Amino acid sequence: MLRFIVVLLILLLALVALRQLDDPSPPAEFVFASENEVFTLDPQRMSWLADMRLGYALFEGLTAWNTDDFSMRPALAESWSSSPDGLVWTFTLHNDARWSNGDPVTAHDLIWSWQRLLLPDTAADYSNLLFPIRGARDFWKWRTESLEALPEGDTEAAVALADSIDTTFTDMVGLEAVDDHTLRIELAHRVPWLLDQLAFAPMLPVHRPSVEGWPEAIDTSDGWHTVPLPGWSQRRFIGVDADSGRIEQDPRWARPGTLTGNGPYTLTHWRYRRDIRLEANPLYHAANDDMPASVLVRSFSDPNTALLAFESGEVDWLTGVSADCRTDLLAQQAAGERTTVHARRAFATDYFLFNCRETLPDGRVNPFGDRRVRQAFALATDKQDIVDHVTRLGEPVTGAFTPHDSIDGYTPPQGLGFDVERARGLLDEAGWADRDGDGLREDSSGNAFPTVDILYTTSSARFRRIAAALRDQWRRHLGVNAQLIGQDSKFFGADRRNGNFMVARGRWYGDWGDPTTFLEMCYSTNGNNDAGLSSDAIDTGLDIAATQSDPAARMLHLARTEQVLMEHEVPILPICQVVEVTMYDPARFGGMTEHPRLVQYLHEIRLLGRVE
Amino acid sequence: MKRLICMRLLQLPLVLLAVYTLTFTLAWLIPGSPLEKAEGRRPPPEVQAAMADRYDLDDAWTFYWSYLERSSGVSWLLGEDDRTGPIFDFGPSLRHENWSVNEILAGQLPVSMAVGLSAIVLALVLGVSTGIVGGLRPGTGLDLVTQGLSVVGVSIPAFVVGTVLLLAGGVWTGLFPVGGWGTLSHMVLPAVALSLPFAAYIARLTRTGVIEEMQADYVRTARSKGLLERTVVLRHVLPNALLPVVSYLGPATAAAMTGSFVIEKVFAIPGLGMHFVDAVLGKDLTMIMGVVLVYAALLVLMNLLVDVLYAWLDPRMRTA
């Protein structure tokens, strides 16, 4: 028996020892929970909303949004002007803007950060945001081609090439630091949403000495551009790869201790998948006392637990509630039993994609290659029924891809409504009719309409339910059989990208305040054109819009292009605008945005009940 | 004994190599790339190609060997990278690029181990005591109750137990925090939830063992010597009856310590189990390989530990 007690004691001791490894999180003024994990805090590498939210807290871009109507306001730039043709923009930076280590924020910081964004070596998702800048595309090409031409394993040549990047960029690209606080941007063509894009996370400036890991001994207090660059071996987080010649960056600079920002907050704690802690940055040029002095981001991967944590008061703000009971929560809010549940329309559309190719990868004929079939299926879809009985979040149904009331000056088209008679007529016209009276459609040689595969991801029950509703509606209204194919996201992604589907679900978030953030997905050569649509009308429509200088005429033209897309070509069956459910107590917190763009600046949150 | 330990330790690298090869093959077959999002905007194809090349994702053979070299410590022994990195370098996480797999393991494994160990301790106390109670009076009402409880313990899914515990212990009474990690009170609810199935199984093993041993000849001898019933049970019956529990303890401890996906998800614990599942879903190759190798090593060592313990507890095993 004694031996068993000894074993038990050993286990207990091990337990106590393990406990020593841990430490609790210090309390914070504002705690919010994110169901989506933070992937990176490196602005140029960001592509997720949860990452960008923190990006805006740690860094400040040239411009920022007024989050009530998403008009533009000065941020790091205190003012700007543009030439009459809209091709040359001059930005004046705040004189007292500082990095969190005290270095001044200069025009050189922006230029270097954008060079980093553009550089193929950084492999940024959003590198093509910069292509409208004069010479940016050429620079990208130069770097890609000179890397390919590099003899393999020639370290000296690789280093020489890497050393020439800065000067080549300055020579080639239309970005110029007129002085430390004046930045000039020359565009290759007009970009009506330039100011909007400058506020977007990948365009945030980063601090070169921190990103590259320069030795502490180098004094950069007048700006890093005033001192000579340290050698490659001295830069801790960056190096030149001998094999490929590429600049290899160690992303671990973006962590507490090494991350230097210029935003309203600094990063004091980041424990992987556990919590992130921000504290007000005393050097921020527009610092104010009203914002939460400290913010804690807690990570919950189970939506129900996140909800319980909110209910128990441990969490002040749930950014996105995905628990199944959220429809009940909304009903309680509507009945006045709760005040903390808020449904917000997002800048995103839930849709299904039709494969527009004539054949499927396995050689089968794809009935959706005929646009009349696509139109028929879209017309036979009762979206209101889906929203009322399946998703039940009160989402606005839509026939357009671009969400309504989200972009100033843009009215999306009506698109195709619910019209069963017309749908049946179109299918008849396309040669699919019920010839033997069994209620199902066949072509002229008696072959039944192929069973329609509806591809969806199993990550959420929502998509399976919508897909099932589509199956039932199409069966009922069109006399066509469909089957559900649920897939894990990796398999789904591969099939969707390779065109191995007939109908596949999708959700698209807009990135900048212009319809092209949605419509470009349907451009024939766009990398996201999974539908395989190849339409001259759409391509020329978007090309023309890119050259139009009158904003109002351009918006009208884009609306007409979207109308052709949604009513004639129909690669996309939009279901509804996405509604996100968020929870906070409006009596305790103010400054929360209600605009569909849903960018929440943490420093705009106000603690209403705070005792002064 | 020494031979056993030596043999097992010599086998360890071979076991790990086999596990590595098998896991790599399976993980490589997951479609898509770890660097790619399931949906939403995709980067330009050139960028995707550059990233794939950087992490050797364009060539299975290169990845297999270069990762094997780094993770096995060969690179370190050969002095590449001037031995600045860790000996066993599992590389950067492909999906959480600000972190290396070593850092993630170092941060998450202790959490999983702490929850797992406390669950096992709890399960031992609960399981052995109810097992003895039932085993000494088989067929009585008390036995039925404890047996019933153990069936319940095995059959209620962990996410139900977890959510009920969170509701009762966190939201309604406010006794414990709802999810998270950092203090002792964070550990109580998940440990209880995790321990129940183990406790139930241990209770059944103990009960069977006790019933069997109580009928053995040496028990009659002990009783006829006039020993107290308590002494008979504690001194003579239990050490033998608990041997199956000890052999179960090895794999059970390894399983509990390497993290439970459901428990970690429900209680928002930053442990390994959940992130391993996420890594597989996201095809985070370096993370998958790192976690599997550490798991495998842990399992082999745990089993070795149990064998040693076994020999210590049961003299009959020592010669074998």
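Residues numbered from 1 in each chain as written. Chains lettered and ligands numbered in written order. Predicted model: local features only at pLDDT ≥ 70, side-chain atom pairs only at ≥ 80, totals over all residues.

Overview of the overall build of chain B
- Check the secondary structure of chain B and you find 14 helices and zero strands.
- When the helices and strands of chain B are read in sequence order from the N terminus, they spell out α-α-α-α-α-α-α-α-α-α-α-α-α-α.
- Structurally, chain B occupies a C-alpha span of about 85 × 55 × 30 Å along its principal axes.
- Split into buried and exposed, the 320 residues of chain B put 41% on the buried side. (Helix = DSSP H or I, 4+ residues; strand = E, 2+ residues; numbered from the N terminus. Buried ≥ 20, exposed ≤ 12 C-beta atoms within 10 Å, placed from the backbone.)

Details of the overall build of chain A
- When you go through chain A residue by residue, the secondary structure sums to 18 helices and 20 strands.
- Relative to its length of 612 residues, chain A is compact, with a C-alpha radius of gyration of 27 Å against a globular reference of 25 Å.
- Burial statistics for chain A: of 612 residues in total, 46% are counted as buried.
- If you take every contact in chain A between residues at least 6 apart in sequence, the share linking residues at least 24 apart comes to 67%. (Rg over C-alpha atoms; globule rule 2.2 N^0.38 Å. Contact = placed C-beta atoms within 7 Å.)

Notes on the packing of helix H9 (residues 303–311) of chain A against helix H7 (residues 158–172) of chain B
- With their axes 10 Å apart at the nearest point, H9 of chain A and H7 of chain B run at an angle of 10° to one another. Relative to H7 of chain B, the element H9 of chain A lies roughly parallel. Contacts between H9 of chain A and H7 of chain B involve Asn304, Thr305, Leu308 and Glu311 of chain A from the former and Thr163, Leu166, Leu167, Gly170 and Val171 of chain B from the latter.
- Residues that form the contact of H9 of chain A with H7 of chain B fall into these classes: four nonpolar, four polar and one charged. (Axes fitted to C-alpha atoms, helices over the stretch in contact; angles between N-to-C directions. Parallel < 35°, antiparallel > 145°, perpendicular 65-115°, else oblique. Nonpolar A, V, L, I, M, F, W, Y, C, P; charged D, E, K, R; others polar.)

Regarding the nonpolar core
- Ranked by internal contacts, the top residues of the largest apolar core, which has 163 residues, are Leu318 of chain A together with Ile202 and Val291 of chain B.
- Take this core: its biggest share by element is 16 residues, from helix H5 (residues 101–136) of chain B.
- Ile202 of chain B has contacts with Ala123, Leu124, Gly127, Val128, Gly131, Val245 and Tyr248 of chain B, leaving out every residue within four places of it along the chain.
- Core analysis: the next-biggest nonpolar cluster, separate from the first, contains 67 residues, Phe347, Leu379, Leu416 and Val570 of chain A among them. (Core = buried A, V, L, I, M, F, W, Y, C linked by C-beta atoms within 7 Å.)

Describing the interface of chain B and chain A
- Between chain B and chain A, the contact holds 65 residues from the first and 63 residues from the second.
- Listed by contribution, the elements that provide at least two residues to the side of chain B that touches chain A are helix H2 (45–54), H5, H7, helix H10 (229–241), helix H12 (261–266), helix H13 (272–281) and helix H14 (285–313) of chain B.
- In terms of residue count, H5 of chain B provides more of the side of chain B that touches chain A than any other element does, 10 residues in total.
- Along the lines of polarity and charge, the residues of the side of chain B that touches chain A split into 38 nonpolar, 14 polar and 13 charged.

A word on helix H10 (residues 326–334) of chain A
Residue and element names in this part refer to chain A.
- Here H10 has its buried residues at Arg326, Leu329 and Leu330. Within H10, the buried residues cover an arc of 100° as seen down the axis, which keeps them to one side.
- Residues of H10 that are buried sit in contact with strand S14 (341–354) and strand S18 (572–583).
- Just downstream of H10, Gly336 is the residue with a positive phi angle, here 85°. (Arc of directions from axis to C-beta.)

A few points about the environment of Gln563 of chain A
All names here are of chain A.
- Residue position: Gln563 is located in helix H18 (residues 551–569).
- Of the residues examined, Gln563 has 17 C-beta atoms within 10 Å and is grouped as partly exposed.
- The spacing of Gln563 and Val16 is 547 residues in sequence and 66 Å in space, taken between C-alpha atoms.

A look at the confidence of the model for chain B
Residues and elements named next belong to chain B.
- Looking at chain B as a whole, its pLDDT mean stands at 85, while 97% of the residues score no less than 70.
- Across chain B, helix H8 (residues 184–214) holds the top mean pLDDT of 90, while H2 sits lowest at 76.
- Prediction confidence for the complex, expressed as pTM and ipTM, is 0.89 and 0.84 respectively. (pLDDT = per-residue confidence, 0-100.)

Topic: the packing of helix H11 (residues 243–257) of chain B against H14 of chain B
Residues and elements named next belong to chain B.
- Running from amino to carboxyl end, H11 crosses H14 at an angle of 160°, the nearest separation of the two axes being 8 Å. On the basis of their axis angle, the class for H11 and H14 is roughly antiparallel. Seen from above, H11 lies across H14 with right-handed handedness. Touching Leu243, Val246, Ser247, Leu249, Gly250, Thr253 and Ala254 of H11 are Leu298, Leu299, Met302, Asn303, Leu305, Val306, Leu309, Tyr310 and Leu313, all from H14. (Left-handed = near helix turned anticlockwise from the far one by under 90°.)

Comments concerning the pairing of strand S1 (residues 30–34) of chain A
Residues and elements named next belong to chain A.
- S1 sits mainly inside the fold: five of its five residues count as buried.
- Residue alternation in S1 divides its side chains into two sets, Phe30, Phe32 and Ser34 and Val31 and Ala33, and both sets are buried.
- Relative to strand S13 (residues 317–318), S1 runs parallel, the two sharing two bridges. Along S13, the bridge assignment pairs Phe32 with Trp317. (Pairing = 2+ DSSP bridges.)

Things to note about the sheet that holds strand S6 (residues 175–179) of chain A
Residue and element names in this part refer to chain A.
- Across the sheet, four strands lie side by side as S4-S5-S7-S6; this open sheet has antiparallel pairing. Of all the strands in the sheet, the pair left with one neighbour each is strand S4 (77–82) and S6. Within the sheet, the average angular offset between the axes of one strand and its neighbour, ignoring direction, is 20°.
- With five bridges connecting them, strand S5 (residues 88–93) and strand S7 (residues 182–186) associate as antiparallel partners. Bridging from a neighbouring strand, Val88 pairs with Glu186 of S7.
- Strand contacts of helix H3 (residues 107–118): S5, S6 and S7, with the helix running at about 170° to S6, the strand carrying the most contacts.

Looking at unusual backbone geometry
- In this model, Arg392 of chain A sits at a positive phi of 55°, which is unusual for a non-glycine residue.
- With respect to the secondary-structure elements, Arg392 of chain A resides in the loop between helix H12 (383–391) and helix H13 (420–429).
- With a phi angle near 55°, Lys283 of chain B is a residue other than glycine that sits in the positive phi range.
- Note on placement: Lys283 of chain B falls in the loop between H13 and H14.

Things to note about the environment of Val111 of chain B
All names here are of chain B.
- Summarising the element assignment, Val111 is placed in helix H5.
- Val111 sits 158 residues away from Ile269 along the chain, and the two C-alpha atoms are 7.7 Å apart.
- Excluding anything up to four places from it in sequence, Val111 contacts Trp181, Ile269, Pro270 and Gly271.

A look at the pairing of strand S11 (residues 275–280) of chain A
Residues and elements named next belong to chain A.
- Where strand S10 (residues 265–271) lies against S11, six bridges are found, and the strand directions are antiparallel. Along S11, the bridge assignment pairs Trp270 with Ile276.
- With antiparallel pairing between neighbouring strands as the criterion, S10 and S11 make up a hairpin whose turn holds three residues, including Arg273 at a positive phi of roughly 55°.
- Examined bridge by bridge, S11 and strand S12 (residues 294–299) share five bridges and lie antiparallel to one another. When the bridges of S12 are listed, Ile276 appears paired with Val297.

Focus: the environment of Met72 of chain A
- Mapped onto the elements of the fold, Met72 of chain A is located in strand S3 (residues 72–74).
- Between the alpha carbons of Met72 of chain A and Ala400 of chain A there is a distance of 26 Å; along the sequence they are 328 residues apart.

Some words on H13 of chain B
Residue and element names in this part refer to chain B.
- Counting buried residues in H13 gives seven out of 10 residues, a clear majority hidden from the surface.
- Buried within H13 we find Leu272, Gly273, Met274, His275, Phe276, Ala279 and Val280.
- Against H5, H12 and H14 lie the buried residues of H13.
- Count one or two residues on from H13 and you reach Lys283, which has phi positive near 55°.

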